[in-house]
Amino acid sequence: MTPSEYQDRVLAGLRRLTPEEREAVRRELDGHIEDHMEALRELGYDEALAQERTMAAMGDPEEVGRELEKQYPLRWLILGRLAVVATVALCIQMMLGVGLLGMVWDSFTARIYPDEGTGLNTVVAQERVNIRIPVGNDVLRIYRVAVGQSGDELGVWEAEVSMCAYDRIPGGYVSNSIWSHTQVENPRGETQWSGGGRGSWWVEYTSKFAVLEPGDPYVTVTYDYLGQEISVELPLPEGAWS
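Everything numeric here is computed off the predicted structure, so don't read it as measured data.

K.L.:
What am I meant to see in helix α3 (residues 47-58) here?
P.N.:
With 12 residues, α3 extends 17 Å between its outermost C-alpha atoms, agreeing within 8% with the 16 Å of an ideal straight helix rising 1.5 Å per residue. Residue D46 occupies the N-cap position of α3, its side-chain oxygen lying 3.3 Å from the main-chain nitrogen of A48.

In structure tokens:
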């Protein structure tokens, strides 16, 4: 989504504004976007990535538009054009501030000791690991390998690889497309399914699975996107087949 498209979608939900007010909102949005992009460019982001991360940080345009629309039934109290700009700035800050402290904590724990629940119903063996792989401007971190069963079907074993991803620059925004290009394969090159995950602007979590045969010694994490190919072999934890 381009900055212009984002502004159009925000303004589409603002029905009570005069043409002059709409233009003031557009200018304010454009200023916020450009300031954010400039900060990322100074940190070393290229233009395309700076725009991608900025637009992700701005939040859902329809939701921003709804928040702005709520303010304008009271615009008869607003004195002057500066108040319009202040209202826009306040709404944007409110949108960006939701869950901010939680996201700061997420970003910290992803680097130090990430921890998410398992998608396996029964775990017979697991091991924490600390494998960090640079992926573009992000870091893909593998932090747990487990063996167990996710369903009730006897004899069907699976490996679960728990991962998180964060930007290499503290406070930077992680790409939300990283998991669509990451797979876990068993020794026969077969992939399985992805478990639930969660994410914020600063960290993304997921678990990925592969079906095992008794005695399988390892699984492999692969990543292939934009000319970067990665393959990491992960031994299964001790006690998996004992």
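From this point, the discussion proceeds with the structure in view.
K.L.:
Would you explain the packing of aromatic side chains in this entry?
P.N.:
Overall, the coordinates contain two aromatic pairs when judged by the stated rule. With centroids separated by 6.3 Å and ring planes inclined at 85°, the aromatic side chains of Y143 and Y205 adopt a geometry described as edge-to-face. Placement of Y143 in strand β2 (residues 138-149) and of Y205 in strand β5 (residues 203-212) is noted, with a sequence separation of 62 residues between them. With a relative accessible area of 0%, Y143 lands in the buried category. Ring geometry for W157 against W241: centres 6.2 Å apart, planes inclined by 85°, an arrangement best described as edge-to-face. Placement of W157 in strand β3 (residues 157-167) and of W241 in the segment after β7 (228-235) is noted, with a sequence separation of 84 residues between them. Relative accessible area serves as the criterion here: at 21%, W157 is assigned to the partly exposed category. Among the residues examined, W241 registers a relative accessible area of 32% and is labelled partly exposed.

K.L.:
I keep staring at the sheet that holds strand β6 (residues 218-225) and nothing clicks. Help me out?
P.N.:
Pairing is antiparallel in the open sheet, where three strands are placed in the order β4-β6-β7. A strand with exactly one partner marks an edge of an open sheet, and here the two such strands are β4 (182-185) and β7. This sheet shows a mean twist of 20° between the axes of neighbouring strands, independent of strand direction.

K.L.:
Got a minute to help me understand the pattern of salt bridges in this structure?
P.N.:
It is possible for side chains of opposite charge to pair when their charged atoms get near one another. Applying the stated criterion across every chain, the model contains seven salt bridges. Across the pair R128 and D115 runs a salt bridge, and its minimum N-O distance is 3.9 Å. Of the two residues, R128 is situated in strand β1 (residues 122-135) and D115 in the loop between α6 (100-112) and β1; the sequence distance between them amounts to 13 residues. Note on R128: relative accessible area 31%, which makes it partly exposed.

K.L.:
Help me understand the nonpolar core, please; the structure alone is not making it clear to me.
P.N.:
Soluble globular proteins: nonpolar side chains tend toward being buried together. One finds L140, I142, V161, M163, V219 and L234 to be the most contacted residues of the largest nonpolar core, which totals 25 residues. When contributions to this core are tallied by element, the ones reaching two or more residues are β1, β2, β3, β5, β6 and β7. Those residues in contact with I142 that sit more than four places away from it in its chain are V129, N130, I131, I133, V161, S162, M163, V221 and L234. Grouped together as the second largest cluster of nonpolar side chains are 12 residues, V10, L11, L17 and M58 included.

K.L.:
Explain the packing of helix α1 (residues 3-12) against helix α2 (residues 19-42) here, please?
P.N.:
Helix-helix packing is characterised by the crossing angle of the two axes and by the distance between the axes. Relative to each other, α1 and α2 sit at 140°, their axes nearing to 10 Å. Looking at the two axes, α1 sits oblique to α2. Helix-helix and strand crossings are classified by hand; for α1 and α2 the assignment is right-handed. In this structure, α1 uses P3, S4, Y6, Q7, D8, V10, L11 and A12 to contact α2, whose residues at the interface are R22, V25, R26, L29, D30 and I33.

K.L.:
What is the right way to read the pairing of β5 from this model?
P.N.:
Among the 10 residues of β5, nine are classified as buried, and the element is accordingly described as predominantly covered. By the bridge criterion, 10 bridges tie β3 to β5 in an arrangement that is antiparallel. Looking across to β5, one finds that V161 is bridged to K208.

Rules and cut-offs
- Counting restarts for each chain, with residues numbered from 1 along the sequence as it is written.
- In keeping with the predicted nature of the model, local features appear solely for residues at pLDDT of at least 70, side-chain atom pairs appear and are counted solely at 80 or more, and the whole-chain, interface and lining totals rest on all residues.
- Excluded from the side-chain calculations are hydrogens and water; all other atoms, namely the structure's heavy atoms, are used.
- Helix numbering and strand numbering both begin at the N terminus, where a helix is a DSSP run of H or I of at least 4 residues and a strand a DSSP run of E of at least 2.
- Here the expected length of a helix is defined as 1.5 Å per residue gap, with one fewer gap than residues.
- For the purposes of these results, a polar contact is taken to be a pair of N or O atoms within 3.5 Å, where, inside protein, one atom must be able to donate a hydrogen and its partner to accept one; residues adjacent in sequence count only when each atom of the pair is a side-chain atom.
- Stacked, tilted and edge-to-face are the three classes applied to pairs of Phe, Tyr and Trp rings, where Trp contributes its six-membered ring and a pair requires centres within 6.5 Å; stacked means planes under 30 degrees apart, edge-to-face means over 60, and tilted covers the rest.
- Between buried and exposed lies partly exposed: a residue is buried under 20% and exposed over 50% of the maximum accessible area for its type, with that area taken using a 1.4 Å probe on protein chains only.
- Strands pair, by our definition, only if DSSP identifies at least two bridges between them.
- Note on method: axes are straight lines fitted to C-alpha atoms, helices fitted across the in-contact stretch only, with angles between N-to-C directions ranging 0 to 180 degrees.
- Whenever a carboxyl oxygen of Asp or Glu lies within 4 Å of a side-chain nitrogen of Lys or Arg, that contact is scored as a salt bridge.
- To define a nonpolar core, start from buried Ala, Val, Leu, Ile, Met, Phe, Trp, Tyr and Cys residues and group those joined through side-chain atoms within 4.5 Å.
- We call two residues contacting when some pair of their heavy atoms lies within 4.5 Å.
- Our angle categories are set so that under 35 degrees counts as roughly parallel, over 145 as roughly antiparallel, 65 to 115 as roughly perpendicular, and the remainder as oblique.
- Each crossing gets its handedness from the near helix: less than a right angle anticlockwise from the far helix is left-handed, clockwise is right-handed.

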